[in-house]
Amino acid sequence: QVQLVESGGGLVQPGGSLRLSCAASRIIFSFYTMGWYRQAPGKQRELVADITSVGVGRTNYADSVQGRFTISRDNAKNTVYLQMNSLKPEDTAVYYCNAQHFERRNQNYWGQGTQVTVSS
């Protein structure tokens, strides 16, 4: 069974930083586009950032996090990261890791989520 396990969430003051990690198991990690999504209370889940699979690992960011967040992946460790800097209260949400096979659309998996709270 595919597992995506997020870690690194927590409480941070505005302007602070956090680094989220998502460790994947039982998938050929390099075949998957990996993404971070978030969902705030009363809002829809939204894409934060993603990074493509094999090749150059192109990245894509939501406008609201561009320049503050950085997504990266380590295929040797089957892990994707989200470095979050200059955090704002509006970044408060549950952050979810997602894995989407580059070719097989039905192979899409989610982690359980990790809470990020930005508050003074």
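Scroll up to find the structure.
Overview of the structure. (Residues numbered from 1 in each chain as written. Predicted model: local features only at pLDDT ≥ 70, side-chain atom pairs only at ≥ 80, totals over all residues. Heavy atoms only, no water.)

## Points about the overall build of the chain
Assigned secondary structure in the chain consists of zero helices and eleven strands. Ordered by position in the sequence, the α and β elements of the chain form the string β-β-β-β-β-β-β-β-β-β-β. Over its C-alpha trace the chain gives a radius of gyration of 14 Å, about what one expects of a compact globule, namely 14 Å for 120 residues. Principal-axis analysis of the C-alpha atoms places the extent of the chain at approximately 40 × 25 × 25 Å. The proportion of buried residues among the 120 residues of the chain is 42%. Put simply, 53% of the contacts in the chain that link residues at least 6 apart link residues at least 24 apart. In the form shown here, the chain has an accessible surface area of approximately 6,500 Å², with 46% of it arising from carbon and sulfur atoms. For the chain, the distance from the average position of its 12 positive side-chain charges to the average position of its 8 negative side-chain charges is 4 Å. (Helix = DSSP H or I, 4+ residues; strand = E, 2+ residues; numbered from the N terminus. Rg over C-alpha atoms; globule rule 2.2 N^0.38 Å. Buried < 20%, exposed > 50% of the residue type's maximum accessible area, 1.4 Å probe, protein only. Contact = heavy atoms within 4.5 Å. Areas by Shrake-Rupley, 256 points an atom, 1.4 Å probe, with all protein chains shown as cover. Lys, Arg positive; Asp, Glu negative; His and termini not counted. Charge placed at Lys NZ, Arg CZ, Asp CG, Glu CD.)

## Looking at the environment of Gly-15
Position of Gly-15 relative to the elements: it lies in the loop between strand 2 (10–12) and strand 3 (18–25). In contact with Gly-15, not counting residues within four places along its chain, are Ser-86 and Leu-87.

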